[in-house]
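# Close look at the chain arrangement
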Amino acid sequence: MKRIVFTFPVLLLVFTNILLNCASVEKSEKIRKDLDLQGHRGARGLKPENTWPAFEEAIKYKMVTLELDTVLTKDKRVVIHHDSDTNPNICQNPDGSEIKKQSLYELSLSDLQKLDCGSKQNSAFPKQIPVPGTKLLSLEEFFEKTLAHEKKTKEVYYFNIETKFPDDGSASDLIVKEHTEALVKIIEKYKLAERTTIQSFDLRTLPIVQKLNVKIKTSALFVPTYFQGFMMTIGFGNSYRSAIINKSNMVKANVISPYFLYVTKGFVKEAHDFKMEVIPWTVNSEKETKRLIDCGVDGIISDYPDMLDTVVRKK
């Protein structure tokens, strides 16, 4: 998912406006019985993102759902990776030298699995502990490891899998179709359709999933522009909120998953009226987590599963 940064004065307006919105509307009934706690990219705030050590952290803190990103490689394999290009900020060559930014569509899975994606600490997450030598996973390898853990512990996990494409919107209909079909095929291979949600900012993904397997849930992701974010902070954002709910309803999404700034009690109620769950991202503070629970969300996605475990289960 994408990252948005607001200055302190804007954030102050954000929380003031959101708190007022959450206080002014009667909270609707949640669609889910229990809150869906999701570790973002496994547990990006604690271990290298989208790697097995990060997913182990999410499991350690009893997340309900493991959230991850996927890209289709040159050899049509599904690799767990956030960007459609290699990222020199989080991966390096085995000898420690810097990698070049390169499209994953030009690299095979074996090429990517030569990289060390655990030695570099993400400076945005001071609590993140590097795990040198960590390799990227194919989706099949991820499922094998998770199911082996489930067999050993008798625990059961759910999966929220994002399809990632170039940020410039250049992905062709064919690439979207091939990626989505490959994803669904793997999910069906491991008989995990009823435990899986496929999410995307590219809403072309969702109807393909629904046509291929109705047991797989679909989730529509949204991020505001800076202008939209500012307008929402000063109380003029309800049209933006309604617009994304309508878009999600048009593609028959089971879940609407917006940047947390969108979420108010009114937003949640409107989404619930369309029988859609509301699961915002990326929620990394105790205060915001508590606010969203009060707004009636059905789940929360966070870089810090340890924080979710403490705040939600304590509450």
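This report concerns the structure included in the present document. All figures in this text were calculated on a predicted structure; none of them were measured in a lab.

### Looking at the overall build of the protein
Along the backbone of the protein there are 11 helices and nine strands. Relative to a compact globule of 315 residues, whose C-alpha radius of gyration would be 20 Å, the protein shows 19 Å and is just as compact. Taken over 315 residues, the protein has a buried fraction of 56%. The contacts in the protein between residues at least 6 apart in sequence include a share of 64% that link residues at least 24 apart. Carbon and sulfur atoms provide 54% of the accessible area of the protein, an area that totals close to 14,300 Å².

### Digging into the state of the cysteines
On inspection of all chains with the given rule, the structure shows one disulfide. Through a disulfide, Cys 91 is tied to Cys 117; the S-S separation comes to 2.0 Å. The sign of the S-S torsion, about 110 degrees, decides the handedness of the disulfide formed by Cys 91 and Cys 117: right-handed. Note that Cys 91 is positioned in the loop between strand 3 (78-80) and helix 3 (109-112) and Cys 117 in the loop between helix 3 and helix 4 (139-153), a separation of 26 residues in sequence. Pair check on accessibility: Cys 91 and Cys 117 agree, each one buried.

### Quick notes on a nonpolar patch on the surface
Together, Phe 230, Ile 234 and Phe 236 make up a nonpolar patch on the protein surface, roughly 290 Å² of accessible area in all. Mapped onto the elements of the fold, Phe 236 is located in the loop between helix 7 (226-233) and helix 8 (238-250).

### Quick notes on the environment of Lys 127
Note on placement: Lys 127 falls in the loop between helix 3 and helix 4. In this structure Lys 127 comes out as partly exposed when scored by relative accessible area, which is 45%. Taking the C-alpha atoms as reference points, Lys 127 and Leu 46, 81 residues apart in sequence, are found 5.6 Å from one another. Once residues within four sequence positions are removed from consideration, Lys 127 is found in contact with Gly 45, Leu 46, Tyr 304 and Asp 306. One polar contact links Lys 127 to Asp 306, side chain to side chain, over a distance of 2.8 Å.

### Focus on unusual backbone geometry
Positive phi is not limited to glycine here, since Lys 76 has a value of about 65 degrees. The residue Lys 76 is located in the loop between strand 2 (65-72) and strand 3 in this model. Phi is positive for Lys 191, close to 55 degrees, though the residue is something other than glycine. Tracing the sequence through the fold places Lys 191 in the loop between helix 5 (173-189) and strand 5 (196-200).

### What about helix 5?
Taking 1.5 Å as the rise per residue, helix 5 with 17 residues should run 24 Å; its terminal C-alpha atoms sit 24 Å apart, in good agreement. Where helix 5 is concerned, the buried positions are Ile 175, Val 176, His 179, Thr 180, Ala 182, Leu 183, Val 184, Ile 186 and Ile 187. In this fold, the buried residues of helix 5 make contact with strand 2, strand 3, helix 4, strand 4 (158-163), strand 5 and helix 6 (205-212). Of the residues trailing helix 5, Lys 191 is marked for its positive phi of about 55 degrees.

### Structural notes on the environment of Ser 84
Tracing the backbone through its elements, the reader meets Ser 84 in the loop between strand 3 and helix 3. The exposure class of Ser 84 is buried, given its relative accessible area of 10%. Residues contacting Ser 84, with those up to four places away along its chain left out, are Val 71, Gln 102, Ser 103, Leu 104, Phe 165 and Pro 166.

### Looking at the pairing of strand 7 (residues 255-258)
Residues Val 255 and Ser 257 line one face of strand 7 and the alternating positions Ile 256 and Pro 258 line the opposite face, and both faces are buried. Where strand 6 (residues 217-222) meets strand 7, four bridges bridge the pair, whose relative direction is parallel. Residue Phe 222 lies in a different strand from strand 7, and its bridge partner there is Pro 258. For strand 7 and strand 8 (residues 277-278), the ladder comprises two bridges, and the chain directions are parallel. By the bridge assignment, Ile 256 is partnered in strand 8 with Val 278. Considered for its hand, the β-α-β crossover made up of strand 7, helix 9 (residues 265-273) and strand 8 is right-handed.

### Some details on the packing of aromatic side chains
Under the definition given, this model contains 12 aromatic pairs. Taking the centre distance of 5.2 Å and the plane angle of 75 degrees together, the rings of Phe 143 and Phe 159 count as edge-to-face. Taken together, the residues Phe 143 in helix 4 and Phe 159 in strand 4 connect sequence positions 16 residues apart. For the residue pair Phe 143 and Phe 159, the accessibility class agrees, reading buried in each case. Of the aromatic side chains, those joined through ring pairs into one cluster are Trp 52, Phe 55, Phe 142, Phe 143, Phe 159 and Tyr 190.

Calculation criteria
- Residues numbered from 1 in each chain as written.
- Predicted model: local features only at pLDDT ≥ 70, side-chain atom pairs only at ≥ 80, totals over all residues.
- Heavy atoms only, no water.
- Helix = DSSP H or I, 4+ residues; strand = E, 2+ residues; numbered from the N terminus.
- Rg over C-alpha atoms; globule rule 2.2 N^0.38 Å.
- Buried < 20%, exposed > 50% of the residue type's maximum accessible area, 1.4 Å probe, protein only.
- Contact = heavy atoms within 4.5 Å.
- Areas by Shrake-Rupley, 256 points an atom, 1.4 Å probe, with all protein chains shown as cover.
- Disulfide = S-S within 2.5 Å.
- Patch = residues over 30% accessible without salt bridge, like charges linked within 9 Å, V, L, I, M, F, W, Y side chains within 5 Å.
- Salt bridge = Lys/Arg side-chain N within 4 Å of Asp/Glu carboxyl O.
- Polar contact = N/O pair within 3.5 Å; in protein donor to acceptor, adjacent residues only side chain to side chain.
- Expected span 1.5 Å × (residues − 1).
- Pairing = 2+ DSSP bridges.
- Right-handed = clockwise from strand over helix to strand, strands pointing away.
- Phe/Tyr/Trp six-rings, centres within 6.5 Å; stacked < 30°, edge-to-face > 60°.

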